[in-house]
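Structural overview for review
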Amino acid sequence: MSRRIGILTGGGDAPGLNAVIRAVVKHAVGQKRWQVIGIEDAFNGLLQTPPRLFDLTPRSCQGLLHRGGTMLGTTNRGNPFAWKMPDGTVVDRGAELAARVREEGLEGLIVIGGDGTQDIGWRLMRDHGIPVIGVPKTIDNDLESTDFTFGFWSAVEVATEALDRLHTTAESHDRVMLLEVMGRTAGWIALYAGVAGGADCIAIPELPYDPDRFADKIRMRRARGRHFTLIVVAEGARPKVGERLPSEVAHGQGNIQAGGAAQTLARLLAERMPIESRVTVLGHLQRGGSPTPFDRVLATRFGSAAVDLVEQDGWGNLVRLDNGSITHIPLEQVAGAPRHVSPDHELIQTARSVGIEFGTAS
Ligand code: F6P
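Going along each chain's sequence as written, the residues are numbered from 1 onward. Residues qualify for local features only when their pLDDT is at least 70, as the model is predicted, and side-chain atom pairs are given and counted only at 80 or more; totals for whole chains, interfaces and linings, by contrast, use all residues. To get the side-chain values, take all heavy atoms of the structure and skip hydrogens and water.

A separate point is the overall build of the protein. From N to C terminus, the protein includes ten helices and 15 strands. To get the radius of gyration, use the C-alpha atoms; to get the globule rule, take the number of residues to the power 0.38 and multiply by 2.2 Å. By the compact-globule yardstick of 21 Å for 362 residues, the protein fits well, its C-alpha radius of gyration being 22 Å. Principal-axis analysis of the C-alpha atoms places the extent of the protein at approximately 75 × 45 × 30 Å. In this scheme, a residue with accessible area under 20% of its type's maximum is buried, one over 50% is exposed, and one in between is partly exposed, where area comes from a 1.4 Å probe on protein chains only. For the protein, the residues scored as buried account for 53% of the 362 residues in total. Taking as baseline every contact in the protein between residues at least 6 positions apart, the subset at least 24 positions apart corresponds to 73%. Areas reported as accessible are Shrake-Rupley estimates using a 1.4 Å probe. Residue values count occlusion only from the protein chains shown. On the protein, roughly 15,100 Å² of surface is accessible, and the fraction owed to carbon and sulfur atoms is 49%. Positive charges come from Lys and Arg alone, negative charges from Asp and Glu alone, with His and the N- and C-terminal ends not counted. Here the site of a charge means atom NZ of a Lys, CZ of an Arg, CG of an Asp or CD of a Glu. Side chains of the protein carry 39 positive and 42 negative charges; the gap between the two charge centres is 3 Å. Only runs of H or I of at least four residues qualify as helices and only runs of E of at least two qualify as strands under DSSP, and these elements are numbered from the N terminus. By definition in these notes, contact holds between two residues if any of their heavy atoms fall within 4.5 Å.

This paragraph deals with the nonpolar core. Only buried residues count toward a nonpolar core, which is a set of Ala, Val, Leu, Ile, Met, Phe, Trp, Tyr and Cys residues joined through side-chain atoms within 4.5 Å. Grouped together as the largest cluster of nonpolar side chains are 69 residues, with contacts concentrated most on Ile 7, Val 36, Ile 110, Ile 112, Val 135 and Phe 150. With sequence-adjacent residues up to four places away left out, Ile 7 is seen in contact with Ile 21, Val 24, Val 36, Ile 37, Gly 38, Ile 39, Leu 56, Leu 72, Ile 110 and Ile 112. Leu 8, Ile 37, Phe 81 and Val 132 belong to the second-largest nonpolar core, a separate cluster that totals 23 residues.

Further remarks concern the packing of helix 7 (residues 211–223) against helix 8 (residues 261–270). Two elements in contact, helix 7 and helix 8, have axes whose closest approach is 9 Å; the angle formed by their N-to-C orientations is 70°. By the angle class used here, helix 7 and helix 8 are roughly perpendicular. When you trace helix 7 past helix 8, the crossing you get is right-handed. Mapping the contact onto sequence places Pro 211, Phe 214, Ala 215 and Ile 218 in helix 7 and Leu 265, Leu 268 and Leu 269 in helix 8. Grouping the amino acids of the contact of helix 7 with helix 8 by side-chain chemistry returns seven nonpolar, no polar and no charged. Interaxial angles span 0 to 180 degrees and are taken between N-to-C directions of axes, which are lines fitted to C-alpha atoms, for helices over the stretch in contact. Any angle that falls under 35 degrees is termed roughly parallel, while one over 145 is termed roughly antiparallel, one within 65 to 115 roughly perpendicular, and all others oblique. By the definition used in this description, the sense in which the near helix is turned from the far one sets the handedness, with an anticlockwise turn below a right angle giving left-handed and a clockwise turn giving right-handed. Side-chain classes follow a simple rule in which Ala, Val, Leu, Ile, Met, Phe, Trp, Tyr, Cys and Pro form the nonpolar group, Asp, Glu, Lys and Arg form the charged group, and the remainder, Gly included, forms the polar group.

Geometric values such as these leave the question of function open.
Rendered as structure tokens:
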């Protein structure tokens, strides 16, 4: 039976989004002869008049596997259930969105996104009866439902390379180098890149730090003849007491733009000891560019599994990586559940065992 499904990408982009789209189209259109309709800019494409939709074919997906970003476009603004009108009022456009899905003859949607996007997909299914299958995405790797999200290892690779580069110049100049990486509420990128890049100190949001401990680490290294120090700071990391990050500002529809975490730590260190420090903020370099082989493979597995779920009428589920295997769980169990780095996570213990300082006793 020929079927017609929609596909969209929501939230911040992540390397591997195009690889998921490609896998869905190759499997559904190329193999099963279904129709796959791309929806532009997350759910927003369906709410425009006329809707911004286009047919996806294996030919239109050629050369996509290694390309960063998303050919469908994305946004982390514009929740259809809390839509901000030009006059500032907020309206619920859920019923309108569901009507558009039906008008377009879409049997259901494959929704690729993080917790916010999955939450919207789940509400669309629960409250308006639109069948949805979720595919988890975020460079932050902070979704409880899956071992890893695609995009994460690509971001870790960029951050690790940055650390390698900072390492040599730090050593030449006897400097304290601070690298700020993404992660407003979860420190996964900082933790993995810090271990992979041989950082001496790591600051993550889950472990509010005591700056004196980082200062002591720098002193100890100096006493051993190591006159430089590498520090990785997640953008949401903050000291235990007293400080607010300088450039934390609200923007858009409730999104928080982080910033200043590494600058704050550099200042706190300078107040405690003579140091020459430099801050590098890696920012969106972590989100752009090609996915790593791991992310390409994971994205392809997710895309293919999402089509299999459609075929089995497994709507209402999220595909995931579970102990190395691709499985799925009900969307209602995952929407909105973030995963933080637990203070006793095995990699924190490993990092401590090789002398990495987190700014906390335990
Ligand atoms: O959630 C992904 C992420 O890249 C975070 O790590 C980062 O804090 C945020 O998005 C940045 O969002 P924006 O692209 O809106 O600045």
